[in-house]
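The residues making up each chain are set out below.
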Amino acid sequence: MTPSRGARDALESWFAAALRAVDPAACLAEHVRLDADDAVVLGGRRVEPGGRLFLLALGKAGGSLARGAIDRLGGSIAQGFVLVPDGCAQPLQRCRVFEASHPVPDARGVFATEQLLAWLATIEPSDTLLVLLSGGASSLLCAPAIGLALTDLQAATEMLLRGGASIDELNAVRKHLARATGGRAAAATRAGRVDVFALSDVPGDRLDVLASGPFAPDPRTFAEALDIWDRHASETASQGSAARDLLRAGVDGGHAETPKPGDPCFANVTHTLLANNATAVEAAVAAAEADGFDTRVLPHGLVGEAHEAGRQLASELRAGPGDGPQLVVAGGETTVRVRGTGRGGRSQELALAAALVFDGDAAWSLLAAGTDGIDGPTDAAGAYVDGATVERGRRLGVDAAEALQNNDSYGFFAAEGGLLRTGPTGTNVMDLVLARRDSAR
């Protein structure tokens, strides 16, 4: 078979199919509705009359999820509260909408979180709270623990991000440094029923990790958070750190732990998963197969440092069996340990590492991108590479190896032309890598 479309166009179309499969409003539709009597039905259970319905939407997909709920439930919603990262807001009826910084928190997030905690306290036992949760909310729900300043939380977040902490590790620490995550949002409301519907952007779809689990029991402890801190912090980051001092005090019993499994505050809370990374992977596979490609999903997800994952993946692909057209799909989330002074994101760094392995090989092309459309502190979702990427960059005066060493994948692809820009997609289920093999061209 000779594919009729260019490799990049095809990869981008399959990525778009994956995004459609995790569209928040579409995923929510089967779980939130009005019945024939105009009663609200959430997750197959009817909401009993007599109380009010409140809507809370958080994270990168918060605006899209809230829009879907309003379209389905209309005037049944008494009040709504929406908190999203910059660029993800949209006007919504009956909702207070807040924007704040991601991934490093800012004063707007502190203000919004304090407003949220006060709002949650107004909800009565006769009321129902519909929570729409998505990744990115950890940095938004950033009112610091008592005794900490915002600058302490910002420094802790930046240190852990630069140190290559996984999302599980990062959130384990943040849950113990902030006032609304790690189950504390559940403890802040008296709602008689809390239904949480979530888009997962974390490995294993762990509810305590997703958005730092504002309504989920937290199995992590101060001792674990302190251990994570010490493994990722430089000596200077730990000296005089108010955040580390708070973790230490928590280990010694000076601060209350986050609510744990079995805590009564979770008695009326249910969680439902709307979609995850596997949903997106399956959709990309289906789209490629519809175009006549054989497909293969890697049994191991994307984990570890981005440059290592990209190198290993590309090497594995080149050494794999067969030589006909095929699409190989992998999903997950890597990390970046920042050693240089450049700019980039985990998907761009993974793609650049793969490009160095593919250099001169006309058979392979690869697209690596975040499903949220936001790869690190950049305006790109990810990047496309093929066997000519390194040479194209060289002709344009940028060196792929140097850029990778300097964590400057964005600078390389901005010059070379490989950036994929989608803008914020309104969804978030981690990252995808789509690698296409053609007969040698």
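Please refer to the structure higher up on the page.
Residues numbered from 1 in each chain as written. Predicted model: local features only at pLDDT ≥ 70, side-chain atom pairs only at ≥ 80, totals over all residues. Heavy atoms only, no water.

**Student:** Which residues make up the pairing of strand E13 (residues 382–386), and what values do they have?
**Tutor:** When you tally the buried positions in E13, you get five out of five residues, the bulk of the element. Of the two faces of E13, both are covered, the one formed by Gly382, Tyr384 and Asp386 as well as the one formed by Ala383 and Val385. Sheet topology places E13 next to strand E14 (residues 419–420); two bridges connect them, and they run antiparallel. Bridge assignment links Gly382 to a residue of E14, and that residue is Leu420. (Buried < 20%, exposed > 50% of the residue type's maximum accessible area, 1.4 Å probe, protein only. Helix = DSSP H or I, 4+ residues; strand = E, 2+ residues; numbered from the N terminus. Pairing = 2+ DSSP bridges.)

**Student:** Describe helix H17 (residues 409–416), and please don't skip the residues or the numbers.
**Tutor:** Helical geometry: 3.6 residues make up each α-helical turn, so side chains three or four residues apart lie on a common side. Taken as a whole, H17 has its buried residues at Ser409, Tyr410, Phe412, Phe413 and Glu416. Buried residues along H17 cover an arc of 160 degrees about the axis, so they all sit on one side. Buried residues in H17 make contact with helix H14 (346–358), E13, helix H15 (389–395), helix H16 (400–405) and E14. In the stretch just after H17, Gly417 is the one whose phi turns positive, near 105 degrees. (Arc of directions from axis to C-beta. Contact = heavy atoms within 4.5 Å.)

**Student:** Describe the pattern of salt bridges, and please don't skip the residues or the numbers.
**Tutor:** Within the structure shown, the criterion is met by 34 salt bridges. Residues Arg108 and Asp106 are paired through a salt bridge, measuring 2.7 Å at the closest nitrogen-oxygen approach. Each member of the salt-bridge network shares a partner with another, and the members are Asp168, Lys175, Arg206, Asp208, Asp218, Arg220, Glu224, Glu257 and Lys260. (Salt bridge = Lys/Arg side-chain N within 4 Å of Asp/Glu carboxyl O.)

**Student:** Let's hear about empty space enclosed by the protein: which residues, and what values?
**Tutor:** Summed over all chains, the structure comprises two cavities of 30 Å³ or more. The calculated volume of the largest cavity comes to roughly 40 Å³. As for the largest cavity, its lining consists of Leu302, Gly332, Glu333, Thr334, Arg346, Ser347, Leu350, Ala368, Asp431, Leu432 and Val433. Looking at the lining of the largest cavity, the elements that each hand over two or more residues are H14 and strand E15 (431–437). In terms of residue class, the lining of the largest cavity is built from five nonpolar, three polar and three charged. When its volume is computed, the second largest cavity comes out at roughly 40 Å³. (1 Å grid on protein atoms, 1.4 Å probe; cavity = no way out; pocket = protein on both sides within 12 Å on 5 of 7 lines; lining within 4 Å. Points joined across faces, edges and corners; volume = space filled by probe spheres on them. Nonpolar A, V, L, I, M, F, W, Y, C, P; charged D, E, K, R; others polar.)

**Student:** For the side chain of Gln348, give the residues involved together with the corresponding values.
**Tutor:** Relative to the assigned elements, Gln348 resides in helix H14. Judged by relative accessible area, which is 0%, Gln348 ranks as buried. Among residues more than four places away in sequence, those in contact with Gln348 are Asp375, Thr378, Ala380, Gly382, Ala383, Ser409, Tyr410, Phe413 and Leu419.

**Student:** Outline the sheet that holds strand E8 (residues 193–199), supporting the account with residue identities and numerical values.
**Tutor:** On the basis of which strands lie adjacent, the open sheet formed by six strands has the order E6-E5-E4-E7-E8-E9 and parallel pairing. Of all the strands in the sheet, just strand E6 (95–100) and strand E9 (269–275) have a single pairing partner and so form its edges. Going from strand to strand, the sheet's axes swing by 15 degrees on average, the running direction of each strand aside. Pairing geometry for strand E5 (residues 77–85) and E6, over six bridges, is parallel. Pairing of Val82 across the sheet is with Val97, part of E6. (Axes fitted to C-alpha atoms, helices over the stretch in contact; angles between N-to-C directions.)

**Student:** Describe the packing of helix H13 (residues 306–319) against H14, listing the residues and the values that go with them.
**Tutor:** One can describe the packing of H13 onto H14 by two numbers: an axis separation of 7 Å at closest approach and a directional angle of 40 degrees. By the angle class used here, H13 and H14 are oblique. When the axes of H13 and H14 are compared, the crossing they make is right-handed. Contacts between H13 and H14 involve Ala306, His307, Ala309, Gly310, Arg311, Ala314, Ser315, Leu317 and Arg318 from the first element and Arg346, Glu349, Leu350, Ala353, Ala354, Val357 and Phe358 from the second. Considering only residue class, the contact of H13 with H14 consists of nine nonpolar, three polar and four charged. (Parallel < 35°, antiparallel > 145°, perpendicular 65-115°, else oblique. Left-handed = near helix turned anticlockwise from the far one by under 90°.)

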